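Observations on the three-dimensional arrangement
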Amino acid sequence: MSFRGAPSHQSPFNPLPPLVVALAVIIIGIELAFQAGAAGWIGGREAVGWRLTAIRDWAVLDVVFHWMLETGQFPAREMARWLTYPLIHGGFGHAVFAAVFVLAFGNVTAPSLPGWRQLVLFFLPALAGALVYVILFGSQVPLIGGYPGGFGMIGAFVYLTRLGLTPADPSRAFLLIGFLLAIQPVFGVLTGAGLSWVPSWVAEATGAAIGYGLAVLLFPGGMARLMARIRRP
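These lines cover the structure that appears in this document, whether it is placed above or below.

What counts as what
Residues numbered from 1 in each chain as written. Predicted model: local features only at pLDDT ≥ 70, side-chain atom pairs only at ≥ 80, totals over all residues. Heavy atoms only, no water. Helix = DSSP H or I, 4+ residues; strand = E, 2+ residues; numbered from the N terminus. Buried < 20%, exposed > 50% of the residue type's maximum accessible area, 1.4 Å probe, protein only. Contact = heavy atoms within 4.5 Å. Areas by Shrake-Rupley, 256 points an atom, 1.4 Å probe, with all protein chains shown as cover. Core = buried A, V, L, I, M, F, W, Y, C linked by side-chain atoms within 4.5 Å. Expected span 1.5 Å × (residues − 1). Salt bridge = Lys/Arg side-chain N within 4 Å of Asp/Glu carboxyl O.

Some thoughts on the overall build of the protein chain
The helix and strand inventory of the protein chain stands at 12 helices and 0 strands. Seen in sequence order, the protein chain has helices and strands lined up from the N terminus as α-α-α-α-α-α-α-α-α-α-α-α. Looking at the protein chain residue by residue over its 233 residues, the buried ones come to 42%. The contacts of the protein chain with a sequence gap of at least 6 include a subset with a gap of at least 24, amounting to 73%. Of the roughly 12,600 Å² of accessible surface on the protein chain, a fraction of 69% belongs to carbon and sulfur atoms.

In structure tokens, the structure reads:
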């Protein structure tokens, strides 16, 4: 028996955006491969060192960055590091938290910034964060992990909150960024991200700022709104 006006059987949750899911699956998939290789389940003896090999070949390294600047050579193989490092993590917990950031904030921002914009909000903040990392610190510790890209999505979330497009309070959204950055030392210890949290903290803060700015540009009418605000006396 059915009644007119009865609610349809719809899920209370929005379907996750395919590109966001794919990004999270890649992050977790790579980590699972590292875990399986280290356990000896796949890949033979060489698989035990897959994580270290990936960090050597695909992470952002200060020595590689300065070599490119000094020689004026920018091989595609080395430039790719800026887009591959967010997919490599120091441990399972590190990868899971990055994937959670991507799924949670990708899901909440995708209705307003759909499709390819999600990839832009992840990879461009990650690239900018890595650039600040190597320029300011010259750290010998490789930069890995999806946190700078995840913070890019959080920055976009804050902008959408200011427009009233999310149920969150704008002031609390800003506090969320501060809170997540403040507990990075704890994340570093508990998730295997490492103890070099100060340089990575700056990369993540940069990612959040770039994500906010990108949301202004990518949101329909966002540039016109920005120009009108600038011209306002």
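Quick word on helix α3 (residues 62–71)
Of the residues making up α3, those classed as buried are D62, V64, F65 and M68. Those residues of α3 that are buried are in contact with α4 (76–79), α5 (81–84) and α7 (116–137). A positive backbone phi angle near 70° is found at G72, which sits one or two residues after α3.

Focus: the nonpolar core
Side chains of a nonpolar character, in soluble globular proteins, are inclined to be buried together. Membership of the largest hydrophobic core comes to 31 residues, with the highest contact counts inside it found for V102, L113, L121, F151, M153 and I177. For this core, the leading source of residues is helix α8 (residues 147–162), giving 9 residues. If we ignore the near neighbours within four places in the chain, the residues touching V102 are V20, L23, A24, I27, N107, F122 and M153. Within the second largest apolar cluster, 13 residues are counted, among which are F65, M68, W82 and A130.

Considerations on helix α1 (residues 18–38)
Its 21 residues place the ends of α1 30 Å apart at the C-alpha level, agreeing with the 30 Å of an ideal helix rising 1.5 Å per residue. Listed in full, the buried residues belonging to α1 are V20, L23, A24, I27, E31, F34, A36 and G37. If you follow the buried residues of α1, they end up packed against α2 (50–58), α6 (92–109), α7 and α8. Positioned one or two residues after α1, G40 has a phi angle of 80°, which is positive.

As for the pattern of salt bridges
Under the definition given, this model contains 3 salt bridges. R51 serves as the salt-bridge partner of E31, at 2.8 Å between the closest nitrogen and oxygen. Remark: R51 occurs in helix α2 and E31 occurs in helix α1; sequence separation between them is 20 residues. Each member of the pair, E31 as well as R51, is classed as buried. We note a salt bridge from R81 to E78, for which the minimum N-O separation is 2.6 Å. Judged on exposure class, the residue R81 and its partner E78 are both buried.

Read these as geometric descriptors, not functional statements.
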